[in-house]
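Structural characterization, general
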Amino acid sequence: MCSSTRHGVVSLAITILLAAPASAQQFTEASHLLDVQTRQGASTWAAGVVDLNADGYLDIYQPGRMYLSRGADTGFTASFDSLLGRTYQPGFVFGATWADVDDDGFPEGYESVLLGAASRFYRNDAGMRLVEDTEASGIDFDGLAQGVVFADLNGDGPLDIFIGDDRGGSQVYFGDGSGQFVASPQNTELGAFIEKAYGVAAADYDGDGDLDIYIGACDALTREKSVNLLLRNRGDGTFDEVGVAAGVAHDGAAWGVEWLDYDGDGLLDVYVANMPASDGRDGANVLYRNNGDGTFTDVTVDAGVSGPPTAQTFGTAAADFNNDGYMDLYAATQLGGAASLFRNNGDGTFTDVYAEAGLLVSLGGNPPSAHSHLSVAAGDFDRDGRIDLFQGSNTDPFNRVMLNEDPAAGHWVTVRLNQPAPNRDAVGARLDIHAAGRHMVREVLAGQGFISQHTGAGVHAGLGNAARIDSLIVRWPDGQVERYVGLDADQHLVIGKGRGVDAPPLAAQPADALVVDNRIVLTWTVGVDPDAVIVDAPAAPLEYQVALQSPIGEVMLSGWTENTSYELLLDALPEGRWRWSVMTRDASTMVRSTVAPVFETGAVSRVEGDELPGGFALAGVYPNPLRGAGQRLSIDIVNRAFQDVRVDVFDVLGRRTSATHIVGVPPGKSRHRIDLGTVSAGQYLVRITGVDTGDRSSGFVLRIP
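These figures come from a predicted structure and were not determined experimentally.

**Here's the deal with the overall build of the chain**
Summing up its helical and strand segments, the chain has six helices and 51 strands in all. The globule rule puts the C-alpha radius of gyration for 705 residues at 27 Å, and the 26 Å found for the chain is close to it. Each principal axis of the C-alpha atoms in the chain carries an extent, and together these give about 85 × 65 × 55 Å. Expressed as a percentage of contacts within the chain between residues at least 6 apart in sequence, the contacts between residues at least 24 apart total 59%. If you sum the accessible surface of the chain, you get close to 25,300 Å²; carbon and sulfur atoms cover 51% of it. Mean positive and mean negative side-chain charge positions of the chain (48 and 93 charges, respectively) differ by 6 Å.

Structure representation (structure tokens):
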């Protein structure tokens with residue numbers, strides 16, 4: 001635990017009043033930061049923020065695009081095809097939800113597809129590659145996916161997943177912490193009483209330590225099928241439906257759903273966005289105040305957050321946009337009325353400040369008006385402590401980035417939690433923040449709004465005029481409680497379970513890739529541990545790991561080391577372009593380099609077609625990952641003529657761990673089985689070499705968990 005007075009545990013008496021800043025927040029359009037715009041009619045139903053590559057900066061997801069941040073003020077690079085290593089197949093994609101389900105520091109994603117294809121689970125390889133791994137994950141969902149949340153629903157530690165279905169087949173799958181899931185025994189029952197599911201959000205509304213789920217239902221034709229549900233967790237990942245008894249069974253046509261404590265009483269309230277229905281139901285949004293006894297009261301009219309009744313409100317976001325200590329609400333609309341930014345006045349009421357906040361847009365010489373858009377994502381893109389906005393739209397002016405540059409914004413804090421696996425990011429944890437007599441509640445969420453998520457894997461809280469936090473209480477997912485006092489405002493904190501407050505390391509960056517004899521030597525800059533600098537006390541050394549992406553897209557990881565260089569044997573590497581990055585970690589946090597440069601090992605090999613290099617190619621390795629002791633490996637070889645080949649297996653250090661001689665491989669495609677012998681868990685490169693010619697194929701990365 002750090003003993004610095006900057007983020008230590010010194011108890012202080014705070015007398016500063018937590019007051020709202022004097023003026024409304026001001027946003028500045030910075031859409032030029034997006035290197036690629038969307039197109040007319042493209043899918044922009046949902047958007048979310050996630051730090052996909054763990055470099056400390058939030059990236060922006062939109063169906064068919066992942067805008068990867070290049071840093072605080074340098075913009076975003078649109079990428080999805082390059083992450084997948086193939087052309088993205090859109091189908092009717094609504095959105096995606098992200099969480100680190102295998103605890104490797106990089107979040108996986110579940111993409112909700114309504115029509116045209118099955119929904120997809122993506123495994124994240126070091127932020128350099130997304131591997132569609134739906135079948136292997138065990139998520140056997142074939143419905144029309146809408147809202148999705150990741151959470152530890154059954155209380156056993158690993159993250160689980162709830163998938164809402166538009167046609168009555170909503171499902172829960174329990175995770176094992178490795179990226180594998182099994183269906184809940186309650187799924188048949190869930191399908192019977194959840195007829196529709198659009199926006200979905202999980203939170204512990206009743207304070208019993210487990211996560212409950214609110215479901216916004218939408219059926220524009222049938223009111224009876226459009227009743228919102230509240231699933232109260234029994235504590236084991238099975239649920240009772242209590243929406244009617246709780247007073248939240250609204251029968252509008254719901255989309256986005258947000259949990260928030262809008263009135264500062266320490267209880268989580270719920271906001272629901274709606275659209276008009278063809279049977280005459282209007283599109284007024286609804287805010288329910290938590291009464292603390294398992295019931296809620298509709299306070300929409302008194303609070304002033306209904307929005308235009310004719311508006312089609314889809315995306316929502318709850319955040320403290322002006323850092324005054326009160327949660328605000330954002331409602332994105334496409335038709336029928338203007339979008340709204342409801343500023344919390346701190347007295348139970350809100351004021352729509354969309355226009356004065358600088359969010360209007362002028363088109364074709366017309367007077368400024370609200371931007372028509374389906375989706376919204378909220379997060380601190382430039383890490384200045386103020387929550388920015390991404391507006392997703394498939395009509396002019398299309399996607400917009402709105403940077404929050406409010407000079408009157410109050411103090412703030414962001415908190416990222418870290419605990420031993422499973423669920424390293426502590427999804428589901430609750431934070432109670434007390435400053436100058438005010439109480440703010442945040443929960444670590446992975447899924448909210450309409451197939452969206454905001455602020456990444458951490459939480460953000462505005463503190464108004466309070467320059468210091470009286471106390472910050474963390475209730476970890478397993479129920480353990482830790483309390484921290486005397487924390488300074490205006491900083492990005494990391495709190496490690498049982499370790500205390502920690503500043504994340506400043507990441508090492510790749511420097512050179514040098515050829516020395518028959519080796520490639522990768523070198524990188526030294527990472528910085530801010531705690532060691534601030535406290536001026538001995539600290540455990542930082543550790544580094546190299547991620548290598550092969551010419552065919554496979555990603556391999558080195559072991560962790562305290563050195564700032566890493567050597568590879570050229571003989572063990574397939575020819576072509578390699579990308580590499582460096583991870584830096586201390587006791588609590590892992591951060592990846594912001595850049596991933598390229599080095600080359602020769603001419604790029606071709607693995608198919610009439611001109612096979614050396615007359616052969618390695619076409620596949622099965623099963624991959626290889627599970628179970630003693631399991632044999634099958635490989636597919638494409639050959640032009642009879643020849644002998646040797647199958648080599650190398651570890652990430654380039655050491656050959658096995659070699660198998662196959663005599664007389666026939667022309668065409670053939671499958672062969674090899675015995676790897678005793679091998680440890682890890683990643684390996686499989687490659688074939690002509691026995692007589694010495695020609696080599698490109699390689700495949702084999703994973704052994």
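**A look at the pattern of salt bridges**
Applying the stated criterion to the full structure yields 25 salt bridges. Residue Glu554 pairs with Arg129 through a salt bridge whose shortest N-O separation is 3.2 Å. Pair noted here: Glu554 is in the loop between strand S39 (543-549) and strand S40 (555-557) and Arg129 is in strand S9 (residues 129-132), with a separation of 425 residues, a long-range link. Across this residue pair, the class does not change: Glu554 and Arg129 are buried. Residue Arg671 pairs with Asp636 through a salt bridge whose shortest N-O separation is 2.7 Å. You can see Arg671 sitting in strand S49 (residues 668-674) and its partner Asp636 sitting in strand S46 (residues 633-639), a full 35 residues away along the chain.

**Let's talk about the domain arrangement of the chain**
Domains assigned within the chain are domain 1 (27-412), domain 2 (419-496), domain 3 (506-593) and domain 4 (616-692). Summarising the inter-unit geometry, the C-alpha centres of domain 3 and domain 4 are found 28 Å apart. On the side of domain 4, eight residues touch domain 3, which itself brings 11 residues to the contact. Between domain 3 and domain 4, the buried area comes to about 870 Å², and carbon and sulfur atoms account for 53% of it. Seen at the junction of domain 3 and domain 4, the total is zero salt bridges.

**Topic: the side chain of Asn423**
With respect to the secondary-structure elements, Asn423 resides in the loop between strand S29 (411-418) and strand S30 (430-435). We classify Asn423 as buried; its relative accessible area is 2%. Within the structure, Asn423 has its side chain in polar contact with the backbone nitrogen of Val427 (distance 3.0 Å). Residues within four places of Asn423 in sequence aside, it is in contact with Asp103, Gly157, Leu159 and Pro477.

**Observations regarding the sheet that holds strand S31 (residues 438-443)**
Spatial ordering of the open sheet is given by S31-S30-S33-S34, a layout of four strands whose pairing is antiparallel. Of all strands in the sheet, those with a lone pairing partner are S31 and strand S34 (481-488), marking the two edges. Taken over all neighbouring pairs, the strand axes of this sheet differ in orientation by 20 degrees on average, direction set aside. Pairing of S30 with strand S33 (residues 468-475) involves five bridges; the strand directions are antiparallel. Directly across from Asp432, in S33, lies its bridge partner Ile473.

**Here we look at the packing of aromatic side chains**
By the definition in use, this model includes 27 aromatic pairs. Their ring planes at 35 degrees and their centres at 6.0 Å tell us that Tyr262 and Phe350 sit as a pair that is tilted. With a gap of 88 residues between them, Tyr262 in the loop between strand S18 (254-260) and strand S19 (269-274) and Phe350 in strand S25 (residues 350-352) connect regions that are remote in the sequence. As far as burial versus exposure is concerned, Tyr262 and Phe350 are alike and both buried. Where Trp524 meets Tyr544, the ring centres are 6.0 Å apart and the plane angle is 55 degrees; that geometry is what we call tilted. Of this pair, Trp524 sits in strand S38 (residues 519-524) while Tyr544 sits in strand S39; the two residues are 20 residues apart in sequence, bridging distant segments of the chain.

**Structural notes on the sheet that holds strand S27 (residues 388-392)**
Here four strands make up an open sheet; going across it, the order is S1-S28-S27-S26 and the pairing antiparallel. Of all the strands in the sheet, just strand S1 (27-29) and strand S26 (375-379) have a single pairing partner and so form its edges. The sheet shows a mean angle of 25 degrees between the axes of neighbouring strands, taken without regard to direction.

**A few points about empty space enclosed by the protein**
Per the stated rule, a full pass over the model turns up eight cavities of 30 Å³ or more. Looking at the largest cavity, its volume works out to about 280 Å³. Taken together, 21 residues make up the lining of the largest cavity; nearest its centre are Ala318, Met327, Arg442, Glu443 and Leu445. Tallied by class, the residues present in the lining of the largest cavity amount to 10 nonpolar, six polar and five charged. Taken domain by domain, the makeup of the lining of the largest cavity includes at least three residues from each of domain 1 (27-412) and domain 2 (419-496). In this structure, the second largest cavity occupies an estimated 180 Å³ of space. Along the wall of the second largest cavity there are 18 residues; nearest its centre are Val50, Pro107, Asp425, Gly456 and Ala457.

**Some points on the environment of Met590**
Structurally, the position occupied by Met590 is in strand S43 (residues 590-592). On the accessibility criterion, Met590 (14% relative accessible area) is buried. Along the backbone, Met590 and Asp55 are 535 residues apart, and their C-alpha atoms lie at a distance of 8.7 Å. Once residues within four sequence positions are removed from consideration, Met590 is found in contact with Ala54, Asp104, Gly105, Phe106, Arg424, Trp560, Met583, Thr584 and Arg585.

**Brief notes about the pairing of strand S20 (residues 286-290)**
Most of S20 is tucked away: four of the five residues are buried. Note that S19 and S20 share three bridges and pair antiparallel. Bridge pairing links Val270 to Tyr288 in S20. Where S20 and strand S21 (residues 296-298) come together, three bridges link them in antiparallel fashion. Its bridge partner being in S21, Asn290 is matched across the sheet by Phe296. Taking the residues that link successive antiparallel strands as the turn, the S20-S21 hairpin has five residues, and the phi of Gly292 there is positive, at about 85 degrees.

**Remarks on the environment of Phe106**
Along the polypeptide, Phe106 turns up in the loop between strand S6 (92-99) and strand S7 (108-115). What Phe106 contacts, discounting residues up to four positions off in sequence, is Leu52, Asn53, Ala54, Asp100, Asn124, Ala126, Gly127, Met583, Met590 and Arg592.

**With respect to the pairing of S26**
For S26, a buried count of five out of five residues is recorded, marking the element as mostly surrounded by other parts of the structure. Along S26, one buried face is formed by Ser375, Ala377 and Gly379 and the opposite face, lined by Val376 and Ala378, is buried too. Bridge count for S26 against S27 is five bridges, and the pairing is antiparallel. Bridge pairing in S27 links Ala377 to Phe390.

Scoring rules and cut-offs
- Within each chain, residues carry numbers counting from 1 in the order of the written sequence.
- Where totals are concerned, whole chains, interfaces and linings use all residues; where local detail is concerned, this predicted model gives features only for residues with pLDDT of at least 70, and gives and counts side-chain atom pairs only at 80 or more.
- With hydrogens and water stripped out, all remaining heavy atoms of the structure feed into the side-chain values.
- Strands here are runs of E lasting at least two residues and helices are runs of H or I lasting at least four, both read from the DSSP assignment and numbered beginning at the N terminus.
- It is over C-alpha atoms that the radius of gyration is taken, and the globule rule equals 2.2 Å times the number of residues to the power 0.38.
- Note on contacts: a residue pair is in contact if any heavy atoms of the two residues lie within 4.5 Å.
- All accessibility values rest on the Shrake-Rupley procedure with a 1.4 Å probe; residue burial counts only the protein chains present in the view.
- When charges are counted, Lys and Arg contribute as positive and Asp and Glu as negative, whereas His and the chain ends are disregarded.
- By convention, the point assigned to a charge is CZ for Arg, NZ for Lys, CD for Glu and CG for Asp.
- Any carboxyl oxygen of Asp or Glu that lies within 4 Å of a side-chain nitrogen of Lys or Arg is treated as forming a salt bridge with it.
- Whether a residue is buried, partly exposed or exposed follows from its accessible area with a 1.4 Å probe, protein chains only, as a fraction of its type maximum: under 20%, in between, or over 50%, in that order.
- Domain segmentation is taken from an automatic or database assignment of domains.
- Accessible area that two parts lose when put together, evaluated with a 1.4 Å probe and summed over both, is termed the buried area.
- Throughout this description, a polar contact denotes any pair of N or O atoms lying within 3.5 Å of each other; where both atoms belong to protein, one of them has to be capable of donating a hydrogen while the other can accept it, and for residues adjacent in sequence the pair is counted only when both atoms sit in side chains.
- Pairing between strands requires that DSSP locate at least two bridges from one strand to the other.
- Geometry is summarised by axes, namely lines fitted to C-alpha atoms with helices restricted to the contacting stretch, and by angles between N-to-C directions that run from 0 to 180 degrees.
- Note on aromatic contacts: the rings of Phe and Tyr and the six-membered ring of Trp form a pair at centre separations within 6.5 Å, being stacked when their planes are under 30 degrees apart, edge-to-face when over 60 apart, and tilted otherwise.
- Space inside and on the surface of the protein is sampled on a 1 Å grid over the protein atoms alone, with a cavity defined as a set of points where a 1.4 Å probe fits but cannot get out and a pocket as an open set with protein on both sides within 12 Å along at least 5 of 7 lines; lining residues have an atom within 4 Å of a point.
- Grid points are joined across faces, edges and corners, and a volume is the space filled by probe spheres set on the points.
- Just so you know the grouping, Ala, Val, Leu, Ile, Met, Phe, Trp, Tyr, Cys and Pro go in nonpolar, Asp, Glu, Lys and Arg go in charged, and all remaining residues, Gly too, go in polar.

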